[in-house]
Amino acid sequence: MKPPKFDYHAPTTVDEALALLQRYGGDAKVLAGGQSLMPLLNFRLSRPAALVDLNRIPALAYIREHDGQVRLGAMTRQRTIEFDSIVARKLPLLREATRWVGHLPIRTRGTIGGSIAHADPSAEYPAVLTALEGEVVARGPKGERVVPARDLFRTYLTTSLEPEEILVEVRLPATPAGAGVALEEFARRHGDFAIVGIAAMIAREGQRCTQARLATAGAGPVPLRLRAAEEILEREGLGDAAIEAAARRAAELVSPDSDIHASADYRRHLTGVLTRRALKRALGIARG
Ligand SMILES: Cc1cc2nc3c(=O)[nH]c(=O)nc-3n(C[C@H](O)[C@H](O)[C@H](O)COP(=O)(O)OP(=O)(O)OC[C@H]3O[C@@H](n4cnc5c(N)ncnc54)[C@H](O)[C@@H]3O)c2cc1C
């Protein structure tokens, strides 16, 4: 299939891009890496009047440390994230998640902003944003606002971003020194979207868990923070029994849907299995 006709604009500043989005009154789409948008256009599942291409706005591609956070410009490519030294040191969970995203050509074009704005429930970056309590910065006609992960994802492929807003930055808190992270995922083939994925982080002092973070991919319409499972670890520590109880609780917390890839029951089962695996691996890393 070929895409329907659209006007094409390639602004060089965010202000220009915002003015273009306003001109089309909600009927234009932002083009980032195109790895999700172009298939949607080709299948004619999306028919915007115009595309506003962000690829010629250099100010949107960067990775910086700031006040305990790592800030990534929306147009930072997944492939850049995979090899960046700040990400390797401060955001090991994001680095690990990136290796699960599609295949090399997809990561070469695909961007962090595009992946989060697209809000595929099986994608890895939304799960990482949720697990680490990250936030995004959106700019629109009314100015700039910061949206925490918990207020961003509404349902399948839907966020709280307005059609005339651009996601300009992703902010993730740097991982505490000595913490362990793991992203465990089950997909039919490497590079496929997750049937279920679990993003985990554990900080500890001895057997005591000072901070646990768990979030899902593919186990419902939006990434889900598994707070009640985290609380078990923070209360009971990091022994086998506590990990087992947290994994069981995680499976109870999700309400996945059935689709052609997997039944809801199978996804719930995977949630428990992958939570257990992610926690054990994260703990191993935390122990050095
Ligand atoms: C074969 C294949 C396998 C894949 N496997 C995976 C996988 O395993 N895991 C995974 O996470 N992803 C996977 N992807 C998707 C890939 O990660 C995409 O790159 C990503 O979902 C979208 O990023 P993009 O930069 O390409 O955005 P685009 O495709 O350009 O845009 C996607 C959507 O987000 C909007 N958008 C983009 N940027 C912004 C912004 N800055 N502000 C506001 N709105 C914006 C667009 O308007 C569009 O609606 C796969 C893709 C393919 C084709």
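Structural data are supplied above this passage.
Figured I'd write up the structure that's included with this text. Numbering of residues begins from 1 in every chain and follows the order in which that chain's sequence is written. Whole-chain, interface and lining totals are the exception, using all residues; otherwise, since this is a predicted model, local features are given only for residues with pLDDT of at least 70 and side-chain atom pairs are given and counted only at 80 or more. Heavy atoms from the whole structure form the basis of all side-chain values; hydrogens and water molecules are not counted.

## Some thoughts on the side chain of R171
Which entries qualify depends on this criterion: A run of DSSP states H or I qualifies as a helix once it reaches four residues; a run of E qualifies as a strand once it reaches two. Both are numbered from the N-terminal end. Burial classes: relative accessible area under 20% of the type maximum marks a residue as buried, over 50% as exposed, and values in between as partly exposed (1.4 Å probe, protein chains only). Any pair of N or O atoms that falls within 3.5 Å is considered a polar contact. Within protein, one atom must be able to donate a hydrogen and the other to accept it, and sequence-neighbouring residues count only if both atoms are side-chain atoms. Any pair of residues with heavy atoms lying within 4.5 Å of one another is described as a contacting pair.
Relative to the assigned elements, R171 resides in strand β10 (residues 166-173). We classify R171 as buried; its relative accessible area is 14%. Among the polar contacts listed, one links the side chain of R171 to the side chain of E169, at a separation of 2.6 Å. Apart from residues lying up to four places away in sequence, R171 is in contact with Q69, V70, R71, L129, G134, E135, V137 and V146.

## Section: the packing of aromatic side chains
Rules: Working definition: a ring pair exists when centres of Phe, Tyr or Trp rings (six-membered ring for Trp) sit within 6.5 Å. Plane angles under 30 degrees give stacked, over 60 give edge-to-face, the rest tilted.
Taken as a whole and judged by the stated rule, the model has one aromatic pair. With 6.3 Å between their ring centres and 90° between their planes, F186 and Y266 make a pair best called edge-to-face. Taken together, the residues F186 in strand β11 (residues 180-186) and Y266 in helix α11 (residues 264-286) connect sequence positions 80 residues apart. For Y266, a relative accessible area of 34% gives the class partly exposed.

## Regarding the pattern of salt bridges
Our working definition: Salt bridge, as applied in this entry: a Lys or Arg side-chain nitrogen positioned within 4 Å of an Asp or Glu carboxyl oxygen.
Evaluation of the coordinates by the stated rule reveals 23 salt bridges. We note a salt bridge from E65 to K90, for which the minimum N-O separation is 3.8 Å. Linking E65 in strand β4 (residues 63-66) with K90 in helix α4 (residues 85-90), this pair joins segments that are 25 residues apart in sequence. When its relative accessible area of 42% is taken as the criterion, E65 is described as partly exposed.

## Brief notes about the nonpolar core
The condition is simple: For our purposes a nonpolar core is just a set of buried Ala, Val, Leu, Ile, Met, Phe, Trp, Tyr and Cys residues, chained together by side-chain atoms within 4.5 Å.
Formed by 39 residues in total, the largest nonpolar core has its most connected members in L72, L94, I116 and L129. Those residues in contact with I116 that lie beyond four places of it in its chain are Y125, P126, L129, V136, L152, F153, T159, L167 and V170.

## Notes on the site of the ligand
The test is simple: We call a residue near a molecule or strand as soon as one heavy atom of that residue lies within 4 Å of the molecule or strand. Each accessible area is a Shrake-Rupley result for a 1.4 Å probe, and residues are judged covered by the shown protein chains and nothing else.
Taken together, 29 residues form the shell around the ligand, and within it V30, G34, L37, T111 and E124 come nearest. In this structure, an oxygen atom belonging to the ligand sits 3.4 Å away from a side-chain N or O atom of K29. The contact in question runs from an oxygen atom of the ligand to an N or O atom on the backbone of G34, over 2.7 Å. For the ligand, whose accessible area on its own is 960 Å², the fraction buried by protein is 88%. Breaking the shell around the ligand down by element, the ones donating at least two residues are β2 (28-31), α7 (112-118) and β10. The biggest single contributor to the shell around the ligand is α7, with four residues.

## Side note on the sheet that holds strand β7 (residues 143-148)
Operational definition: We call two strands paired when DSSP finds no fewer than two bridges between them. Think of each axis as a best-fit line through the C-alpha atoms, taken over the contacting stretch in the case of a helix, with angles from 0 to 180 degrees between the N-to-C directions.
With respect to topology, five strands assemble into an open sheet ordered β4-β5-β10-β6-β7, the strand pairing being antiparallel. For this open sheet the edge positions go to β4 and β7, each flanked by a neighbour on one side alone. Sheet twist, expressed as the mean angle between neighbouring strand axes with direction ignored, is 25°. Here strand β5 (residues 69-73) runs beside β10; their pairing, made up of five bridges, is antiparallel. The residue bridging V70 from the neighbouring strand is L172, located in β10. Of the strands in this sheet, β6 (135-140) and β10 touch helix α8 (residues 124-131), which is tilted by about 55° from β10.

## As for α11
Selection criterion: Helix span, as expected, comes to 1.5 Å for every residue beyond the first.
Taking 1.5 Å as the rise per residue, α11 with 23 residues should run 33 Å; its terminal C-alpha atoms sit 32 Å apart, in good agreement. Where α11 ends, the next residue or the one after it, G288, has phi of about 80°, a positive value.

## Considerations on the sheet that holds β2
Taking strand neighbours across the sheet as the criterion, the three strands line up as β1-β3-β2 in an open arrangement whose pairing is parallel. Strands at the two margins of the open sheet, each flanked by one partner only, are β1 (7-9) and β2. Ignoring which end each strand starts from, the neighbouring axes of this sheet average 20° apart. Judged from the four bridges that link them, β2 and strand β3 (residues 50-53) form a sheet pairing that is parallel.

From the geometry alone we can't say anything about function, so treat these as descriptive.
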